[in-house]
Amino acid sequence: MIPREHLASTLDVSPRTHALVGELVEVAARLAGERGFAEDGYRLVFNTNAAAGRTLFHLHLHLLGGRSCGWPPG
């Protein structure tokens, strides 16, 4: 999920942007349900900065589901 409003990363989240981040999570949960893997489980990922594998410096949320996710991630 990629919001229209620009935030470079989670480091830029503030009280003013809490609703935006909450909406990203809500959309992810809805999509997981629509795609049929919400009940089995899914993972949500925000990558922050280069060491986390970040290549797009605009806040976005990855929804990973439909398969087993190992632990630890990465």
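Residues numbered from 1 in each chain as written. Predicted model: local features only at pLDDT ≥ 70, side-chain atom pairs only at ≥ 80, totals over all residues. Heavy atoms only, no water.

Caption draft 1: A look at the side chain of His58. Topologically, His58 is positioned in the loop between β1 (42–45) and β2 (62–65). Overall, the relative accessible area of 14% leaves His58 in the buried class. Within polar-contact distance, the side chain of His58 engages the side chain of His6 at 2.7 Å. With near-sequence residues (within four places) excluded, His58 lies in contact with Ile2, Pro3, Arg4, Glu5, His6, Leu7 and Ala8. (Helix = DSSP H or I, 4+ residues; strand = E, 2+ residues; numbered from the N terminus. Buried < 20%, exposed > 50% of the residue type's maximum accessible area, 1.4 Å probe, protein only. Polar contact = N/O pair within 3.5 Å; in protein donor to acceptor, adjacent residues only side chain to side chain. Contact = heavy atoms within 4.5 Å.)

Caption draft 2: Structural view of the environment of Leu59. Along the chain, Leu59 falls in the loop between β1 and β2. Leu59 sits 47 residues away from Asp12 along the chain, and the two C-alpha atoms are 8.9 Å apart.

Caption draft 3: Here's a closer look at the side chain of Arg43. Inspection of the secondary structure puts Arg43 in strand β1. Of the buried charged residues, Arg43 lacks a salt bridge, with Asp40 as the closest side chain of opposite charge at 14 Å. Here the side chain of Arg43 touches Gly70 through a polar contact of 2.9 Å, landing on its backbone oxygen. The contact partners of Arg43, leaving out residues within four places of it in the chain, are His62, Leu63, Leu64, Cys69, Gly70, Trp71 and Pro73. (Lys, Arg positive; Asp, Glu negative; His and termini not counted. Salt bridge = Lys/Arg side-chain N within 4 Å of Asp/Glu carboxyl O.)

Caption draft 4: The arrangement of helix α1 (residues 18–34) in detail. Spanning 17 residues, α1 covers 24 Å between terminal C-alpha atoms, matching the ideal 24 Å at 1.5 Å per step. All of the buried residues in α1 are Leu20, Val21, Leu24, Ala28, Leu31 and Ala32. Down the axis of α1, the sector holding all buried residues measures 120°, keeping them to one side. Facing away from the buried surface of α1 by more than 90 degrees, the exposed residues are His18, Ala19, Glu26 and Glu34. (Expected span 1.5 Å × (residues − 1). Arc of directions from axis to C-beta.)

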